[in-house]
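These are the residues of each chain, in order.
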Amino acid sequence: DKGAYPYYMLKEIDEQAVVARNIAGHYYDEDGNLQGIPCAVTDAIEEADRLYIVAAGTSYHAGLVGKRYFEQWAKIPTEVHIASEFAYDQPMLSEKPFFIFLSQSGETADSREVLDNVKKQGFPALTLANVMNSTLTREADFALPVLAGPEIAVASTKAYTAQVLVQAILAAALGNPGFDLKAELAKVAVEIQAITDEKETFKKIAEDALVGQHSAFYIGRGLDAAVALEAALKLKEISYIQTEGFAAGELKHGTISLIEDKTPVFALLTQSKTAGLLRGEVAQVAARGANTIVFASENLAKEGDAFVLPQVNELLMPLLAVIPAQLIAYYATLARGLDVDRPRNLAKSVTVQ
Ligand code: M6R
């Protein structure tokens, strides 16, 4: 039931702060110790020499963020693969691979195909899914809940943040983030709420920048490039505005030729190592007439940025940076008079290959 909300998508965007708290409540006890991840899971992963995250769509984008946690905190080399590609072009694997399937529905046919293949080869697999007791959770060796609660809108929102959160927690169980993850996640929940409270800001940005436009871009570097992919998918799948998300350094290798007068270019700027370079790229597209809209974290923000994202640990910034993109996709679609929850040609759960 969507209650007072006009669309499920908006309700689900708003639920993300509560989802973050629920996930922390499930995976941490009162003393701040991790719980709910069986030793069998961590033991099996610790035996592996490499993780292979396999997923589709938004879940694939969540995997691109999760890779950082597994590599930086747990020190396990991690690859992220698109399920429909991996299924028919399996890359050369390490000696002891461990597979992680990410899925909201747990029914995605492309991912199921890969799980079948992997099982035939005798490799261990864990599914992180929102719908437990789904095919992918039943058929993998292990399963952990993503705990986003029912997600109805075709455009995935809270399942993305929940998948990122659960991967962070799993990586913390395998290694050491070097800071108090539980405390930082509590802050993330507060700040997600603060951003979702700014709806009017994003409604105005969406209406000013996107109504009447036929294309748009999201750029970023590092983790922001991963979020740019998700931000672009969100906008294009429901508003039908052709949107590309990509690593900002690639602009000069081709895409910058697409920039015209007023082309909307959204820049996500939350990673200090590359902030200077990204500022340069924003200036380059602005010089060619682009309408640049910068979402920068507090530590990196400058006069003229469209919105300042509250500061949390940089590796957790994707959890905040994605929220404006979700709201902008929502309001742009609304302004174009389209059905936000049921975009044409799409199904919530893609059960065919
Ligand atoms: O249920 P899954 O997470 O396996 O689904 C994967 C994709 O089909 C899904 O994320 C899709 O890309 C969404 N429509 C994105 O909003």
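Conventions used here
Residues numbered from 1 in each chain as written. Predicted model: local features only at pLDDT ≥ 70, side-chain atom pairs only at ≥ 80, totals over all residues. Heavy atoms only, no water. UniProt positions renumbered as here; feature names shortened; annotations may be inferred. Near = heavy atom within 4 Å. Polar contact = N/O pair within 3.5 Å; in protein donor to acceptor, adjacent residues only side chain to side chain. Areas by Shrake-Rupley, 256 points an atom, 1.4 Å probe, with all protein chains shown as cover. 1 Å grid on protein atoms, 1.4 Å probe; cavity = no way out; pocket = protein on both sides within 12 Å on 5 of 7 lines; lining within 4 Å. Sits in = over half its atoms within 2 Å of the grid points. Helix = DSSP H or I, 4+ residues; strand = E, 2+ residues; numbered from the N terminus. Pairing = 2+ DSSP bridges. Axes fitted to C-alpha atoms, helices over the stretch in contact; angles between N-to-C directions. Contact = heavy atoms within 4.5 Å. Buried < 20%, exposed > 50% of the residue type's maximum accessible area, 1.4 Å probe, protein only. Arc of directions from axis to C-beta. Phe/Tyr/Trp six-rings, centres within 6.5 Å; stacked < 30°, edge-to-face > 60°. Parallel < 35°, antiparallel > 145°, perpendicular 65-115°, else oblique. Nonpolar A, V, L, I, M, F, W, Y, C, P; charged D, E, K, R; others polar.

The chain has the name Glutamine--fructose-6-phosphate aminotransferase [isomerizing] in an unreviewed UniProt entry, where Fructobacillus papyriferae is given as its organism. What the UniProt record of the chain gives under Catalytic activity (unreviewed entry) is the line "D-fructose 6-phosphate + L-glutamine = D-glucosamine 6-phosphate + L-glutamate".

Caption draft 1: Quick peek at the site of the ligand. As a structural note, the neighbourhood of the ligand is formed by 15 residues, with S59, S103, S105, T108 and E237 the closest of them. Contacts to the ligand include S59, whose side-chain N or O atom sits 2.5 Å from an oxygen atom. Here Q104 contributes a backbone N or O atom positioned 2.7 Å from an oxygen atom of the ligand. When the free accessible area of the ligand is taken as 410 Å², the share hidden by the protein chains comes to 92%. Using a 2 Å cut-off from the grid points, one finds that the ligand occupies the largest pocket. If you list the elements that add at least two residues to the shell around the ligand, you get α4 (57-72) and α11 (223-239).

Caption draft 2: Spotlight on the sheet that holds strand β5 (residues 142-145). Spatial strand order, β2-β1-β3-β4-β5: 5 strands in an open sheet with parallel pairing. Only two strands of the sheet have a single neighbouring strand rather than two, namely β2 (78-82) and β5. Going across the sheet, the axis of each strand differs from the next one's by a mean of 20°, ignoring polarity. With respect to the sheet, helix α8 (residues 158-174) is in contact with β1 (50-55), β3 (97-103), β4 (125-129) and β5, its orientation differing from that of β3 by roughly 150°.

Caption draft 3: Local environment of helix α3 (residues 39-47). Among the residues of α3, those classed as buried are V41, T42, A44 and I45. The buried residues of α3 all sit within an arc of 160° when viewed along its axis, so they share a single face. Across from the buried face of α3, at angles greater than 90 degrees, the exposed residues are C39 and E47.

Caption draft 4: Summary view of the packing of aromatic side chains. Applying the stated criterion across every chain, the model contains 14 aromatic pairs. When the centroid spacing of 5.7 Å and the interplanar angle of 80° are considered together, the rings of W73 and F179 count as edge-to-face. With W73 in the loop between α4 and β2 and F179 in the loop between α8 and α9 (181-196), the pair connects residues that are 106 residues apart, well separated along the chain. A relative accessible area of 24% means that F179 is categorised as partly exposed. Ring geometry for F86 against F99: centres 5.7 Å apart, planes inclined by 90°, an arrangement best described as edge-to-face. A residue pair is termed long-range when its members are at least 10 positions apart, and F86 in helix α5 (residues 83-86) and F99 in strand β3 qualify at 13 residues. Here F86 and F99 have matching classes, each one buried. Of the aromatic side chains, those joined through ring pairs into one cluster are Y52, F86, F99, F101 and F123.

Caption draft 5: Just unusual backbone geometry, in detail. In this model, Y240 sits at a positive phi of 65°, which is unusual for a non-glycine residue. With respect to the helices, strands and loops of the structure, Y240 is situated in the loop between α11 and β7 (242-247). The residue N345 is not glycine, and still its phi comes out positive at about 65°. For N345, the position within the fold is in the segment after α13 (318-335). Given a relative accessible area of 75%, N345 falls into the exposed group.

Caption draft 6: Focus on the packing of α8 against α13. At a minimum axis distance of 10 Å, the contact between α8 and α13 shows a crossing angle of 175°. Taken together, α8 and α13 sit at an angle that is classed as roughly antiparallel. Counted together, Y160, T161, V164 and L165 of α8 and L319, V322 and I323 of α13 form the full contact between these two elements. Class assignment of the residues belonging to the contact of α8 with α13 gives a composition of 6 nonpolar, 1 polar and no charged.

Caption draft 7: Representation of the pairing of β4 in the model. Burial within β4 is extensive, with 5 of its 5 residues counted as buried. Because side chains alternate across β4, one face comprises the buried residues A125, T127 and A129, and the other comprises L126 and L128, equally buried. Relative to β4, β3 runs parallel, the two being bridged by 5 bridges. Bridge pairing in β4 places F99 opposite A125.

Caption draft 8: Spotlight on the environment of L269. Its place among the elements puts L269 in strand β8 (residues 264-269). Sequence separation of L269 and N33 is 236 residues, and the distance between their C-alpha atoms is 32 Å. Leave out the neighbours within four places in its chain, and L269 touches D224, A275, L278, R279, V294, F295, A296, S297 and L300.

Caption draft 9: Quick peek at the packing of α3 against α8. Between α3 and α8, the least distance of the axes is 10 Å, while the angle of their chain directions is 75°. In this view, α3 runs roughly perpendicular relative to α8, as classed from their interaxial angle. Residues V41, T42, I45 and E46 of α3 lie in contact with α8, whose contacting residues are L170, A173 and L174. Of the residues contributing to the contact of α3 with α8, the split by class is 5 nonpolar, 1 polar and 1 charged.

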